[in-house]
Every structure is written in structure tokens, then in C-alpha cells.
Amino acid sequence: ETRSNVVAENTMNFHKLFPVPTESELNIQLESSQDQSAQVLILDSRGAVMVSQTVGLFTGQNTLTFDVSQLGAGFYFLSIPTNGIYQKFLKSNL
């Protein structure tokens, strides 16, 4: 009898980014296949890293909140590189 050990991948499924446009806080909803940590990046339109944060995710639905009030108005990208998540959002000022 041959047994194989299947190792589950650390996977995430992106659900939504809100509110867009945002003035101060950006929320991301995603689902994680297991408890894990992930690096979240916020990049400007040239690809420069404006925010880099490691977050802890739990199995199931997760909502993460990021303070983007210090960013200037314009388009940015939220990225979780290890899972291929890459979402564009608009930062507006009052």
C-alpha cells in the first residue's frame, strides 16, 4: 500500500475591497484556507511600496483594515504577492 501525504497550499480567495474610492480607511475581505500570515503591500501607480504590513489570517472569512489617510489622492494597488492578489483602488481627499 502506497500512501501519499498531500500538503494543503496556503491559499486565499479575494472577495472585495471597499470603500472605493476611499478617504481614510481601506478594507479588504478575503477567505483563507488556513491560519497563516501574509504580507500586504500598497503600491503607488509607479509600483513604489507605500505601505508594507504583515497580517495574520484565520481560516475562513477575514476583513483587514488599512489606514490610507496619509496617501495623496490618486490610484493605488493593494497586493498580496504570495497569492497573486492585485487590486486597484482610488484614494480621494475631501
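In this text, all values refer to a predicted model and were calculated from it rather than measured experimentally. (Residues numbered from 1 in each chain as written. Predicted model: local features only at pLDDT ≥ 70, side-chain atom pairs only at ≥ 80, totals over all residues. Heavy atoms only, no water.)

1. Considering the packing of aromatic side chains
If you walk through the whole model with that rule in mind, you get two aromatic pairs. Each ring, one from tyrosine 76 and one from phenylalanine 89, has its centre 5.9 Å from the other, and the planes form 25°; the classification is stacked. In this pair, tyrosine 76 is assigned in strand 6 (residues 74-80) and phenylalanine 89 in strand 7 (residues 85-91), connecting sequence segments 13 residues apart. We note that tyrosine 76, like phenylalanine 89, is buried. Measuring from ring centre to ring centre gives 5.0 Å for phenylalanine 77 and tyrosine 86, while their planes differ by 10°; the resulting arrangement is stacked. On the basis of relative accessibility, which here comes to 17%, the residue phenylalanine 77 falls in the buried class. The class for tyrosine 86 is partly exposed, based on a relative accessible area of 47%. Sitting over the face of the ring of phenylalanine 75, lysine 88 holds its NZ or CZ atom 4.4 Å from the ring centroid. (Phe/Tyr/Trp six-rings, centres within 6.5 Å; stacked < 30°, edge-to-face > 60°. Helix = DSSP H or I, 4+ residues; strand = E, 2+ residues; numbered from the N terminus. Buried < 20%, exposed > 50% of the residue type's maximum accessible area, 1.4 Å probe, protein only. Lys NZ or Arg CZ within 6 Å of the ring centre and 35° of its normal.)

2. Here's the deal with the sheet that holds strand 2 (residues 25-32)
Taken in spatial order, the three strands make up an open sheet running 1-2-5, and their pairing is antiparallel. Each end of this open sheet is capped by a strand with a single partner; those strands are strand 1 (12-18) and strand 5 (60-67). Adjacent strand axes in the sheet meet at a mean angle of 20° when their direction is disregarded. Where strand 1 lies against strand 2, six bridges are found, and the strand directions are antiparallel. Within strand 2, the position partnered with leucine 17 by the bridge is isoleucine 28. (Pairing = 2+ DSSP bridges. Axes fitted to C-alpha atoms, helices over the stretch in contact; angles between N-to-C directions.)

3. Some details on unusual backbone geometry
Here the bond from phenylalanine 18 into proline 19 is cis, since omega is -15°, no more than 30 degrees from zero. Mapped onto the elements of the fold, proline 19 is located in the loop between strand 1 and strand 2. Cis rather than trans, the peptide bond between valine 20 and proline 21 has omega equal to 0°. Within the secondary structure, proline 21 sits in the loop between strand 1 and strand 2.

4. Observations concerning the pairing of strand 4 (residues 49-57)
As paired elements, strand 3 (residues 36-44) and strand 4 share eight bridges and run antiparallel to each other. Looking at strand 4, one finds that serine 37 is bridged to glycine 56. With antiparallel pairing between neighbouring strands as the criterion, strand 3 and strand 4 make up a hairpin whose turn holds four residues, including glycine 47 at a positive phi of roughly 95°.

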